[in-house]
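What the coordinates show
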Amino acid sequence: MSDHIHDVIVIGGGPGGATAAHDLAVQGHDVVLVDKEGRIKPCGGAIPTKAISEFAIPQEQLVSKAHAARIIAPSGKSVDMTIGNIGYVGMVDRDKFDPWLRERARQAGADYIVGSFKGLDQNADGTVTAHIADKADKSKTHRITARMLIGADGANSAVRRTAFDKARQPPYVFAYHEIVKSPATPDPAKFRADRCDVIYDGRISPDFYGWVFPHGNHTSVGTGSAVKGHSLKEATRKLREDAGLTDCETVREEGAPLPLKPMRRWDNGKNIVLAGDAAGVVAPSSGEGIYYAMLTGRLCADAALEAIATQRATALKSARKRFMKDHGKVFFVLGMMQYFWYSSDKRREKFVTMCADPDVQRLTWEGYLNKKLVRRDPLAHLKIMVKDTAQLLGLARTT
């Protein structure tokens, strides 16, 4: 083992880990980023304009821009939700976006190792040593010692399993998608390159939703569910058929668990803190994870530096505390929405009907793009509450 002690080692080079490593390196800190490469998370690839500006994502990383969403009910009824002039949803391909983030961190000064996390040692001086199996040389193991470790290695985080109680993990749905080549001449009634389709249908997912998200030359088609025995591949086949994508070439297929609730604790009370999917930070109801992963990567980097500067491990708690202060209510509301509205096709039908309301659409897009609950228009919220109540009681007319 080398006698050199780094400031921070980051395990996992997805959006969360790469952002943490970049932020640390830009500030001149000694950071090592580790990623095993070759694994792409199933992801629709949507990021709001807030993420683009907040994390300085260049336009060339966006393979397309979505200006609308189409919400589809079990009956086939659909509602178009146009964003208007308040922004757009940027679309990225994770097979290109994640490597770019890692390269940005490396160019900022982070050391980069391609390898797999195999375990860790807690040292008497309060540092932590990570064991990393080199990907190119299977016989070689790196032993990297640092004052702090950030675990950003995904929903099945090996860091979390090693450093935390194995029973402590967030609830999941299992997500599956297929990346296909986008059609050259699509049927606009089925597919539009500037629109994300979201399908609420128990046949597609009994407890989540299906999606068709165009990425320029490619399109992500997939779904997720926690219901055992539900065939995600068969549901995806149906999604492709309905979108006119059956004959499009399949580029790759990916599946992975998708956590939908932040863990109650992200740090081990010593020198380890979790970020992104490892901490369970994927939005309920929507399944959005890229922005929240990058945000928690930044918060964990700040917390690690504070812990080093003050020599107080309690500073690691600030990452979760800051996140929940700004986004805890949003996650709670989204969790309640998923629990209630996704529970039956009858409720999904009413949910899609409500999405036709202009106030619902405006507040939804403002909340999504700005990542906060919109409070400045109490009258609109009151109108929505009245309409929601009418839907629940069956007093509203459906068309």
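All values reported here derive from a predicted model rather than from experimental measurement. (Residues numbered from 1 in each chain as written. Predicted model: local features only at pLDDT ≥ 70, side-chain atom pairs only at ≥ 80, totals over all residues. Heavy atoms only, no water.)

**Quick look at helix H9 (residues 358-370)**
Helix length check: H9 (13 residues) gives 18 Å between terminal C-alpha atoms against 18 Å at 1.5 Å per residue, within 8%. All of the buried residues in H9 are Asp 359, Val 360, Gln 361, Leu 363, Trp 365, Glu 366, Gly 367, Tyr 368 and Leu 369. Its side-chain oxygen placed 2.9 Å from the backbone nitrogen of Asp 359, Asp 357 serves as the N-cap of H9. One or two positions beyond H9, positive phi appears at Lys 371, with a value near 60°. (Helix = DSSP H or I, 4+ residues; strand = E, 2+ residues; numbered from the N terminus. Expected span 1.5 Å × (residues − 1). Buried < 20%, exposed > 50% of the residue type's maximum accessible area, 1.4 Å probe, protein only. Polar contact = N/O pair within 3.5 Å; in protein donor to acceptor, adjacent residues only side chain to side chain.)

**Topic: the packing of aromatic side chains**
Counting across every chain of the model gives 17 aromatic pairs. Judged by centre distance (5.5 Å) and plane angle (70°), the rings of Tyr 291 and Tyr 292 are edge-to-face. There is no split in this pair, since Tyr 291 and Tyr 292 are both buried. One aromatic cluster in this structure is built from Tyr 200, Phe 208, Tyr 209, Trp 211, Phe 213, Phe 340, Trp 341, Tyr 342 and Phe 351. In this arrangement the basic side chain of Arg 347 is found over the ring face of Phe 340, its NZ or CZ atom lying 3.8 Å from the centre. (Phe/Tyr/Trp six-rings, centres within 6.5 Å; stacked < 30°, edge-to-face > 60°. Lys NZ or Arg CZ within 6 Å of the ring centre and 35° of its normal.)

**Section: the pattern of salt bridges**
Throughout the structure, instances matching the rule amount to 27 salt bridges. We note a salt bridge from Glu 366 to Arg 362, for which the minimum N-O separation is 3.9 Å. Pair noted here: Glu 366 and Arg 362 are both in helix H9, with a separation of four residues, about one helical turn. The exposure class of Glu 366 is buried, given its relative accessible area of 10%. Here the salt bridges do not stand alone but share partners, grouping Asp 95, Lys 96, Arg 252 and Glu 254 into one network. (Salt bridge = Lys/Arg side-chain N within 4 Å of Asp/Glu carboxyl O.)

**A few points about the layout of surface pockets**
The computed volume of the second largest pocket comes to approximately 780 Å³. Considering the residues around the second largest pocket, the lining is formed by 38 residues, among which Lys 36, Arg 39, Ala 152, Asp 153 and Gly 154 are closest to the centre. Sorting elements by how many residues they give to the lining of the second largest pocket places strand E8 (residues 111-122) first, with four residues. Among the residues forming the lining of the second largest pocket, the class breakdown is 14 nonpolar, 12 polar and 12 charged. (1 Å grid on protein atoms, 1.4 Å probe; cavity = no way out; pocket = protein on both sides within 12 Å on 5 of 7 lines; lining within 4 Å. Points joined across faces, edges and corners; volume = space filled by probe spheres on them. Nonpolar A, V, L, I, M, F, W, Y, C, P; charged D, E, K, R; others polar.)

**Focus on the pairing of strand E6 (residues 78-82)**
Covered by surrounding structure in E6 are Val 79 and Met 81 only, the residues Ser 78, Asp 80 and Thr 82 on the alternate face being uncovered. If you look at the hairpin formed by strand E5 (residues 68-72) and E6, you'll find five residues sitting between the two strands, and Gly 76 has a positive phi there, around 95°. (Pairing = 2+ DSSP bridges.)

**Digging into the state of the cysteines**
Taken as a whole and judged by the stated rule, the model has zero disulfides. Its sulfur unpaired, Cys 248 is 16 Å from the next cysteine sulfur, which belongs to Cys 196. Accessibility expressed as a relative area gives 14% for Cys 248, which makes it buried. Not engaged in a disulfide, the cysteine Cys 355 finds its nearest cysteine sulfur in Cys 196; these two sulfurs lie 14 Å apart. (Disulfide = S-S within 2.5 Å.)

**Digging into the packing of helix H1 (residues 15-26) against helix H6 (residues 290-310)**
Their axes nearest at 7 Å, the elements H1 and H6 cross at an angle of 40°. In terms of their interaxial angle, H1 and H6 are classed as oblique. Considering how the two elements wind past one another, H1 and H6 form a crossing that is right-handed. Contacts from Pro 15, Gly 16, Thr 19, Ala 20, Asp 23 and Leu 24 in H1 reach Ile 290, Ala 293, Met 294, Gly 297, Arg 298, Ala 301 and Leu 305 in H6. A class-by-class count of the residues in the contact of H1 with H6 yields eight nonpolar, three polar and two charged. (Axes fitted to C-alpha atoms, helices over the stretch in contact; angles between N-to-C directions. Parallel < 35°, antiparallel > 145°, perpendicular 65-115°, else oblique. Left-handed = near helix turned anticlockwise from the far one by under 90°. Contact = heavy atoms within 4.5 Å.)

**Quick word on H1**
Compared with the 16 Å implied by 1.5 Å per residue over 12 residues, the 16 Å span of H1 between its first and last C-alpha is a close match. Inspection of H1 places Pro 15, Gly 16, Gly 17, Ala 18, Thr 19, Ala 20, Ala 21, His 22, Asp 23, Leu 24 and Ala 25 among the buried residues, and these make up the whole buried set. For H1, the elements touching its buried residues are strand E1 (5-11), strand E2 (31-35), helix H3 (94-108), strand E10 (141-151) and H6. Phi turns positive one or two residues past the end of H1, at Gly 28, with a value near 90°.

**Re the side chain of Gln 361**
Relative to the helices and strands, Gln 361 is located in helix H9. Given a relative accessible area of 12%, Gln 361 falls into the buried group. Polar contacts involving the side chain of Gln 361 include one to the main-chain carbonyl oxygen of Asp 80, which spans 3.2 Å. Residues contacting Gln 361, with those up to four places away along its chain left out, are Val 79, Asp 80, Met 81, Thr 82, Cys 355 and Ala 356.

**Focus on the sheet that holds E5**
Strand order in the open sheet made by the seven strands is E6-E5-E12-E13-E14-E11-E15, with mixed pairing throughout. The open sheet has two edge strands with one neighbour each: E6 and strand E15 (250-259). Averaged over all pairs of adjacent strands, the angle between their axes in this sheet comes to 20°, without regard to strand direction. Pairing of E5 with E6, which is carried by five bridges, proceeds in the antiparallel orientation. Across the sheet, the residue bridging to Arg 70 is Asp 80, located in E6. Those strands touched by H9 are E5 and E6, and its axis lies near 55° from that of E6.

**Notes on the confidence of the model for the protein chain**
Scored by pLDDT, the protein chain has a mean of 90; 92% of the residues are at 70 or more. For residues 378-396, every residue scores under 50 in pLDDT, and the model assigns this stretch 25 contacts once sequence neighbours within four places are set aside. (pLDDT = per-residue confidence, 0-100.)

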